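So the chains spell out like this:
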Amino acid sequence: MDQPDKFKVNIGSLAGFGPFGEHTVNASWVAVQEMKKLGLGNNVDLHVHEVPVEYQKVQSLVPSLWKQFHPRLIVHVGVSGMATTVTLEKCGRNHGYKGLDNSSFCPDSQCCIVGGPDCINSVIDMESVCKRVTATAGLGVAVTVSKDAGRYLCDFTYYTSLYLSRGRSAFIHVPPLGKPYSGEELGRALQAIIREMLELLDQAEDQIRCQQHIH
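Conventions and cut-offs
- Residues numbered from 1 in each chain as written.
- Predicted model: local features only at pLDDT ≥ 70, side-chain atom pairs only at ≥ 80, totals over all residues.
- Heavy atoms only, no water.
- UniProt positions renumbered as here; feature names shortened; annotations may be inferred.
- Helix = DSSP H or I, 4+ residues; strand = E, 2+ residues; numbered from the N terminus.
- Expected span 1.5 Å × (residues − 1).
- Buried < 20%, exposed > 50% of the residue type's maximum accessible area, 1.4 Å probe, protein only.
- pLDDT = per-residue confidence, 0-100.
- Contact = heavy atoms within 4.5 Å.
- Phe/Tyr/Trp six-rings, centres within 6.5 Å; stacked < 30°, edge-to-face > 60°.

- Looking up the protein in an unreviewed UniProt entry gives the name Pyroglutamyl-peptidase I, with the organism given as Poecilia reticulata.
- Under the heading Catalytic activity (unreviewed entry), UniProt records this for the protein: "Release of an N-terminal pyroglutamyl group from a polypeptide, the second amino acid generally not being Pro."
- Recorded in UniProt under Subunit (unreviewed entry), the annotation for the protein is "Monomer."

Below, the structure written as structure tokens:
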């Protein structure tokens, strides 16, 4: 079932990560590919990207996505070996990046944006998204909310995207494949979550327009 006509101008980007460490097949990229098969309806122009697990690649790729596509929202998806649920990350953090990436590199500053705020929250109300998706009949996937995206490439990417977009980004952590969900189940969960995110974003923009009109 397609989204209502008010979504006709939606341009969205969905980004999963490539292999790293023990994750020779990254569940986030598999989930993103499954989500692409399902789509978000004809009214959403969806662009899908695989992100290398490298700080310097992220620093060039994420700004290029915003510049090229001007999306209303970029949703980043990463895998967490500790996760057993699909986890919605509320914020990205600027400092504390000490882990080496796939190129054995780590920023000397150990931060995303020198001089940037310590933490940036998404404009998306993740608690509301979680409640709405959890109420979806037949989804069969547990969804939770987190305030700590982990201080590795996931968090680094999220903060960078939040900084560039003034909060118009989201991050979703998925568990490894088969622990307990299949790629298809994760893809369906992403579809439901992103639809709710777009709906909430649309409602927020309507409220802003109404307030501007009143004043």
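### Some remarks on helix α1 (residues 27-38)
Next, step 1: Over its 12 residues, α1 runs 17 Å from end to end, which matches the ideal 16 Å to within 8%, given 1.5 Å per residue.
Next, step 2: Every buried residue of α1 is listed here: Ala27, Ser28, Trp29, Val30, Ala31, Val32, Glu34 and Met35.
Next, step 3: Positive backbone phi, at 75°, marks Gly39, one or two positions downstream of α1.

### Remarks on helix α4 (residues 153-165)
Each turn of an α-helix holds 3.6 residues, which means side chains three or four residues apart point in the same direction.
Next, step 1: Over its 13 residues, α4 extends 18 Å from the first C-alpha to the last, a length consistent with the 18 Å expected when each residue adds 1.5 Å.
Next, step 2: In terms of burial, α4 is largely enclosed, as 11 of its 13 residues are buried.
Next, step 3: Of the residues making up α4, those classed as buried are Leu153, Cys154, Asp155, Phe156, Thr157, Tyr158, Tyr159, Thr160, Ser161, Leu162 and Ser165.
Next, step 4: Residue Arg166 follows α4 closely and has a positive phi angle near 55°.

### A word on the confidence of the model for the protein
Next, step 1: For the protein, the average pLDDT comes to 88, and 90% of its residues sit at 70 or higher.
Next, step 2: For residues 1-10, every residue scores under 50 in pLDDT, and the model assigns this stretch 23 contacts once sequence neighbours within four places are set aside.

### Concerning the packing of aromatic side chains
Next, step 1: Taken as a whole and assessed by the stated rule, the structure comprises seven aromatic pairs.
Next, step 2: Pairing Tyr97 with Phe156 gives two aromatic rings, centres 5.4 Å apart and planes at 85°, and the pair type is edge-to-face. On the criterion of sequence distance, the pair formed by Tyr97 in the loop between β5 (91-93) and β6 (119-121) and Phe156 in helix α4 is long-range, its members being 59 residues apart. The pair Tyr97 / Phe156 is uniform in exposure class, with both members buried.
Next, step 3: Ring geometry for Tyr159 and Tyr163: centres 6.3 Å apart, planes at 20°, overall stacked. Of this pair, Tyr159 and Tyr163 both sit in helix α4, four residues apart, which is roughly one turn of the helix.
Next, step 4: Note on Tyr159: relative accessible area 0%, which makes it buried.

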